[in-house]
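Residue strings, one per chain:
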Amino acid sequence: MVLGQLGGSISRALQQMSNATIIDEKVLNDCLNEITRALLQADVQFKLVRDMQTNIKKIVNLDDLAAGHNKRRIIQQAIFNELCKMLDPGKPSFTPKKGKTSIVMFVGLQGSGKTTTCTKYAYYHQKKGWKPALVCADTFRAGAFDQLKQNATKAKIPFYGRGIGKLLGACKNARALLLEIGYGNAGKSYMESDPVKIAAEGVERFKKENCDLIIVDTSGRHKQEAALFEEMRQVSEATKPDLVIFVMDGSIGQAAFDQAQAFKKIVSVGAVIVTKMDGHAKGGGALSAVAATKSPVIFLGTGEHMDEFEVFDVKPFVSRLLGMGDWSGFMDKIHEVVPMDQQPELMQKLSEGHFTLRIMYEQFQNILKMGPMGQVLSMLPGFSAELMPKGHEKESQAKVKRYMTMMDSMTNEELDSTNPKLMNESRIMRIARGSGRQVRDVMEMLEEYKRLAKIWGKMKGLKIPKGGDMSALSRNMNAQHMSKVLPPQMLKQIGGMGGLQSLMKQMGSSKDMMSMFGKGDK
Ligand SMILES: Nc1nc2c(ncn2[C@@H]2O[C@H](COP(=O)(O)OP(=O)(O)OP(=O)(O)O)[C@@H](O)[C@H]2O)c(=O)[nH]1
């Protein structure tokens, strides 16, 4: 992913500087040149990059830094601040409130990823307990409604709109009727679908159904033409959106500035979502260009799938680029998938040494809910999205799904047992037959279970306070416990025991720590 590459180059440059015994002018210049090159490759405007370099040099005057000052920290902080400045529009976006109806209208050019992004946005909020609904007012592109319908159905999100088949049918009937009663060509105007009417109807309907996030997808055109802007204006007038989100293809790089400005002039764009940040080299340019138009970017699209969608927040984003992690994003992801009220029960079972196949199944479910692992891992300090190539990620997800299919063929007794001897040959053969897999696949899954049971077995004996008081439980834990649960490569990435200790300090809240334990090594 492009941001992974950019982040990788920047954190490598910082790492090289850290490896140097003395930080002198040359080491600083090499580091800054490396970062400059990475930013220019990501299509960030030359002037911005040059200004950033000058500012950093002004702040980090090596001669003036008194001996004993941590130069690395000062340099890293200066780079952090400058990158934040480059990406910060200086203006927050309107944020819809859960439980209170908000209408959000999506605009953008054709092919920018608008329809896909509408569903991702709805799905993201639905996972957080909202009641979203989708209205398709894109009557320009023939397949837009069907695409939205397909995505919405998959995610179980209510939708409203008219398919082209139905629409043409209705138009034909109406025209035939008009011709019959002698209105000649008058039927032609009815042939034109009315996105404004559809949008208004959809919004009304979902307001009545008490949806708290009504998302209106509008038509896109190949270029910024008058007809597109007029239609957008009318849909906006009819639906009175609380927020207009402009969806933009990140691969256009710096050209994002002109596009964002053009849309802003016609409708009051309140926020921007930049898509296709996965495959293209110009993502950095697009982000800084949008910031220059003073429009806040709120999400990034990082793939075609529903969960390849990330919250964009300047500071955590830059922190991730520099390999410093995004702790709040990581915890947010975890809370999304593991409800806190389920944690005490799980901890109790683990402390009794009861790691069953059912627990493994539930943990796999959580993993799949978390979405792309690379995205999640890049939020941890020291990790980079580069570490998890996309192909590898798909492979591990497929493996988890395969294991779960086999577990679906198990009896309750098998799922809840902690006796390894229970799984005899005939049971294994039955599971293989039932799930349409080979005996060796079942054996492999059981091996994985044993491996995990061994890791989780180290939690045995941990004192679980009555009523699952998590804050009390956290006092019973220390980095030693944690280090046993984490896989060795992960521990190394975090920076060994020292890194883990500081990480745990950062986590602060014991609530968060428990969630992490719930998701340990998979
Ligand atoms: N790689 C990648 N592809 C994306 C992303 N978002 C959307 N796409 C793809 O981009 C293509 C266009 O997306 P659509 O959602 O159909 O675009 P649109 O803007 O709604 O198009 P119109 O309805 O014609 O205006 C589709 O193939 C999507 O799968 C993304 O973040 N990454």
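Shown above is the structure to which this text applies.
In this text, all values refer to a predicted model and were calculated from it rather than measured experimentally. (Residues numbered from 1 in each chain as written. Predicted model: local features only at pLDDT ≥ 70, side-chain atom pairs only at ≥ 80, totals over all residues. Heavy atoms only, no water.)

(A) Expanded view of the site of the ligand. Taken together, 20 residues lie around the ligand, and Gln110, Thr115, Thr116, Arg141 and Asp278 are the ones closest in. The contact in question runs from an oxygen atom of the ligand to an N or O atom on the backbone of Gly303, over 3.3 Å. Within the contact set of the ligand, an oxygen atom lies 3.2 Å away from a side-chain nitrogen or oxygen of Glu304. When the free accessible area of the ligand is taken as 660 Å², the share hidden by the protein chains comes to 83%. Considering each element in turn, the shell around the ligand owes the most residues, four residues, to helix H5 (residues 114-127). (Near = heavy atom within 4 Å. Polar contact = N/O pair within 3.5 Å; in protein donor to acceptor, adjacent residues only side chain to side chain. Areas by Shrake-Rupley, 256 points an atom, 1.4 Å probe, with all protein chains shown as cover. Helix = DSSP H or I, 4+ residues; strand = E, 2+ residues; numbered from the N terminus.)

(B) Layout of the nonpolar core. If you look at the biggest cluster of nonpolar residues, it comprises 71 residues, and the most contacted ones within it are Ile10, Leu39, Ile79, Phe263, Val274, Leu287 and Val318. Among the elements that make up this core, the one with the highest residue count is helix H4 (residues 71-87) (eight residues). Cys118, Leu148, Leu213 and Ile273 belong to the second-largest nonpolar core, a separate cluster that totals 26 residues. (Core = buried A, V, L, I, M, F, W, Y, C linked by side-chain atoms within 4.5 Å. Buried < 20%, exposed > 50% of the residue type's maximum accessible area, 1.4 Å probe, protein only.)

(C) The arrangement of the sheet that holds strand E5 (residues 243-249) in detail. Read across the open sheet, the eight strands follow the order E3-E2-E4-E1-E5-E6-E7-E8; overall the sheet is mixed. Since the sheet does not close on itself, it has two edges, and those belong to strand E3 (159-160) and strand E8 (309-311), each with one partner. For strand E1 (residues 102-107) and strand E4 (residues 213-218), the ladder comprises five bridges, and the chain directions are parallel. Its bridge partner lying in E4, Val104 is registered against Ile215. Here helix H9 (residues 195-208) sits on the sheet and contacts E1, strand E2 (132-137), E3 and E4; the angle it forms with E2, its principal contact strand, is near 165°. Against the sheet, helix H10 (residues 226-239) engages E1, E2 and E4, with an angle of about 175° to E1. (Pairing = 2+ DSSP bridges. Contact = heavy atoms within 4.5 Å. Axes fitted to C-alpha atoms, helices over the stretch in contact; angles between N-to-C directions.)

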